[in-house]
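Residues per chain are reported as follows:
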Amino acid sequence: MKVLVTGGAGYIGSHVVRQLTARGDDVLVLDNLSNGHREAVGIAGLEVMNLADSVALNRILGEFRPDAVMHFAAFIEVGESVQNPLKYYQNNTANGFALLAACADAGVKNFIFSSTAAVYGSPENTPIPETASLNPINPYGFSKLFVEQALGDLSASDDFRFVALRYFNAAGADPSGEIGESHDPESHLIPLIFKAATGERENISIFGSDYPTPDGTCIRDYVHVNDLADAHLLALSYLQNGGESAAFNCGYGHGYSVKEVVDTVKRATGREFEVVDAPRRAGDPPILVADSRRLKEALNWTPRFDSLDITVRTAWNWELNRRY
Ligand code: UDP
């Protein structure tokens, strides 16, 4: 199958590209390498370009003629989206619309979109089903929700179909150690704890210890990046087999507190480091845990790495031998 992957040099995209190429798909990655890494795309083709360049986009889609498009390219920092919302509406929303327009021109009918639990905002009930109300509490969540809305409208007006995968907290790395998470600056919990474990940082801050959770720290559903990648390949088959457009939560259905993650990293790495209490981070809901029954039932998703310990160990393996 021919698959065009935007953002395929990034963290989640590169793990999907690796699985697609491993099974023999013809994969073309579009990435401007602003946050991605050339080394991460493996044997896939790579076009270094901006999605805002509609001339190049139309040319590439016209030449490559993909059976499906997977759209990962986006900015992902919630805090930054509050400081600089237009950066997010430009890159995530406007460039997303530009990609959809180019796909419509090129006759692309199957589309897989990287969405986020941030579309739910701060939900009342947990775990969160896909039917929960969509009330983002930051521009990042809105920037993704607007694309979901456009996808829904498009699929109602045409024979175009999509799957939106709403990621909870992606974590871990491919066990090969060849690809993994590498953000600069890093803002995610597990890689930041590693920096405390290696001594690159003095300590790890816990953002808020007064949340309404058993130990007072935020609870998240950490899903291994290869289980997320599996969901993309299943979504592709689902669309190929005529499945209806839909959104699916991607998470395990159970969460860990920040303190539990810190303890797991201490255990898995065998390292000691300082942990300090810090104020809450703006925009953090207390608990985000997926109800992922729809993904398991409709796509037959069977997680392979549902263990925080294994997830942390794969990420630590990458951290100790990073290639980029
Ligand atoms: N967090 C923390 N200290 C850090 C980074 C993150 O306590 O240095 C917390 C953060 O407040 C959230 C959880 O860890 O409750 C996961 O944050 P991350 O940025 O990894 O992912 P997000 O939930 O924002 O997608």
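The structure displayed is predicted, hence computed values, not measured ones.

Right, let's get into the site of the ligand. Every one of the 15 residues lining the ligand counts as a neighbour, but Leu-189, Ser-205, Phe-207, Arg-281 and Asp-284 are closest to it. The separation between an oxygen atom of the ligand and a polar main-chain atom of Leu-189 is 2.8 Å. The protein chains hide 89% of the 520 Å² of surface that the ligand would expose on its own. Where the shell around the ligand is concerned, the elements lending two or more residues are helix H6 (189–198) and strand S8 (203–207). Ranked by the residues each element gives to the shell around the ligand, the list is headed by S8, at four residues.

Quick look at the pattern of salt bridges now. Within the structure shown, the criterion is met by 18 salt bridges. Of the charged contacts, one joins Asp-25 and Arg-23 as a salt bridge, the two residues approaching to 2.8 Å between their closest N and O atoms. Of the charged contacts, one joins Lys-195 and Glu-200 as a salt bridge, the two residues approaching to 3.3 Å between their closest N and O atoms. Classification of Lys-195 as buried rests on a relative accessible area of 15%. Through salt bridges with shared partners, one network takes in Arg-18, Asp-174 and Glu-178.

As a further point, take the pairing of S8. The two faces of a sheet get side chains in turn, since along a regular strand they alternate between them. Of all the five residues making up S8, four are buried; the element is thus mostly covered by neighbouring parts of the structure. Alignment of S8 against strand S13 (residues 274–278), held across five bridges, turns out to be parallel. Considered in S13, the bridge of Asn-203 is made with Glu-274.

Residue placement: Ser-155 occurs in helix H5 (residues 139–157). Distance from Ser-155 to Asn-50, taken between C-alpha atoms, is 25 Å for residues 105 residues apart in sequence. Beyond its immediate sequence surroundings of up to four residues, Ser-155 is in contact with Phe-160, Arg-161, Phe-162 and Ser-245. A distance of 3.2 Å separates the side chain of Ser-155 from the backbone oxygen of Gly-152, its partner in a polar contact.

Here is what the cut-offs are and how they apply
Residues numbered from 1 in each chain as written. Predicted model: local features only at pLDDT ≥ 70, side-chain atom pairs only at ≥ 80, totals over all residues. Heavy atoms only, no water. Near = heavy atom within 4 Å. Polar contact = N/O pair within 3.5 Å; in protein donor to acceptor, adjacent residues only side chain to side chain. Areas by Shrake-Rupley, 256 points an atom, 1.4 Å probe, with all protein chains shown as cover. Helix = DSSP H or I, 4+ residues; strand = E, 2+ residues; numbered from the N terminus. Salt bridge = Lys/Arg side-chain N within 4 Å of Asp/Glu carboxyl O. Buried < 20%, exposed > 50% of the residue type's maximum accessible area, 1.4 Å probe, protein only. Pairing = 2+ DSSP bridges. Contact = heavy atoms within 4.5 Å.

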